[in-house]
Amino acid sequence: MTGLGVVFRPQLPPERLRAMARLADESGLEELWLWEDCFLEGGISAAAAALAWTERVRIGVGLLPVPLRNVAVTAMEAATLHRLFPGRAVIGVGHGVQDWMGQVGARAESPVTLLREYLDALRALLRGERVSTDGRYVKLDDVALDWPPAEAPDILAGATGPRSLRLSGAHADGTILTASTAPEGVRRARQLIDEGRESAGRTGHHPVIVYLHTATGPDAAARLRAEIEAGGEDSLPEHGVAGDADAVAKAVQRLADAGADTVVLQPTADEPDPERFLRFAVDEVRPLVP
């Protein structure tokens, strides 16, 4: 069964999150995803609040930009969430938008190296290991968590280019793909992820989560086109979906057929009614997605 989620866009003020999280929980939505985009809302603080306000829905953070966060701090926060809310937090990390990282003096010369070192250290700490490492960016001296999770959680990586996708296969437990990823891009990503997994001798399933630009309602096509073009992309049919539940479900299925395990509907930043959008996903789209 293909997983289905919805993004709570950080263009909404933080005080809107409580109602959205409770609606997601009560309506039966499987996953509500949050972002830590600069300079909007904190990913861990928002996730902790959403988890505390709910009982069932999984809360994803996709993603935490690693240049902003010491890996030990991320491990402490992730471990706390997983102990407080077992099985309901999903944490993704990535090298972040480089212009934003430059604005805060955290831009790495080699984002891929940083992400690799970070993933290895973070996953080891969350396994309860004592870690010493002297990498180019990640440096830990005899560090271990006093309260690691009861079971090591999956850590996902956001990836786009070939090097990052192979790295995610080799060093992460799953991959997050952006909403600009068309079905053919998902197939190619799966190939590169599998190459990375094979090189590292990793087995087992590697989940792929894909965001999908989505708009519905009478002005859906115009809003979707403006959203995509504002992001610097070509407004091509495969870069999103505008329309009714049937159109959205078919777009979700195309991504699933290409290799996506979960598709997260990403409303436009100017979505006029986020709660209605969430209900649309649960009540109208979900029944059409096998």
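A brief structural summary.

Rules of the game
Residues numbered from 1 in each chain as written. Predicted model: local features only at pLDDT ≥ 70, side-chain atom pairs only at ≥ 80, totals over all residues. Heavy atoms only, no water. Helix = DSSP H or I, 4+ residues; strand = E, 2+ residues; numbered from the N terminus. Rg over C-alpha atoms; globule rule 2.2 N^0.38 Å. Buried < 20%, exposed > 50% of the residue type's maximum accessible area, 1.4 Å probe, protein only. Contact = heavy atoms within 4.5 Å. Areas by Shrake-Rupley, 256 points an atom, 1.4 Å probe, with all protein chains shown as cover. Lys, Arg positive; Asp, Glu negative; His and termini not counted. Charge placed at Lys NZ, Arg CZ, Asp CG, Glu CD. Expected span 1.5 Å × (residues − 1). Salt bridge = Lys/Arg side-chain N within 4 Å of Asp/Glu carboxyl O.

1. Let's talk about the overall build of the chain
Consideration 1: Helix and strand content of the chain: 10 helices and 11 strands.
Consideration 2: The C-alpha radius of gyration of the chain comes to 18 Å, within 12% of the 19 Å expected for a compact globule of 290 residues.
Consideration 3: Principal axes of the C-alpha set define a box for the chain whose edges measure 60 × 40 × 40 Å.
Consideration 4: Expressed as a percentage of its 290 residues, the buried residues of the chain come to 56%.
Consideration 5: Restricting to contacts in the chain with at least 6 residues of sequence separation, those with at least 24 account for 73%.
Consideration 6: Of the roughly 12,800 Å² of accessible surface on the chain, a fraction of 50% belongs to carbon and sulfur atoms.
Consideration 7: Charge-centre separation for the chain: the mean point of 30 positive side chains lies 2 Å from the mean point of 42 negative side chains.

2. Overview of helix 5 (residues 111-126)
Consideration 1: Over its 16 residues, helix 5 runs 22 Å from end to end, which matches the ideal 22 Å to within 8%, given 1.5 Å per residue.
Consideration 2: Counting buried residues along helix 5, 14 of its 16 residues qualify, which places the element largely inside the surrounding structure.

3. Description of the pattern of salt bridges
Consideration 1: Enumeration over the complete set of coordinates arrives at 21 salt bridges.
Consideration 2: Its salt-bridge partner being Glu77, residue Arg69 comes within 2.7 Å of it at the nearest N-O pair.
Consideration 3: We classify Glu77 as partly exposed; its relative accessible area is 28%.
Consideration 4: A salt bridge links Arg190 to Asp261; the shortest N-O distance between them is 2.6 Å. With a gap of 71 residues between them, Arg190 in helix 7 (residues 183-200) and Asp261 in the loop between helix 9 (245-258) and strand 11 (262-267) connect regions that are remote in the sequence.
Consideration 5: Under the relative-accessibility criterion, Arg190 is labelled buried at 15%.
Consideration 6: For Asp261, a relative accessible area of 23% gives the class partly exposed.
Consideration 7: The network of salt bridges with shared partners includes Asp219, Arg223, Asp270, Glu271 and Arg276.

Shape is all these values report; function is a separate question.
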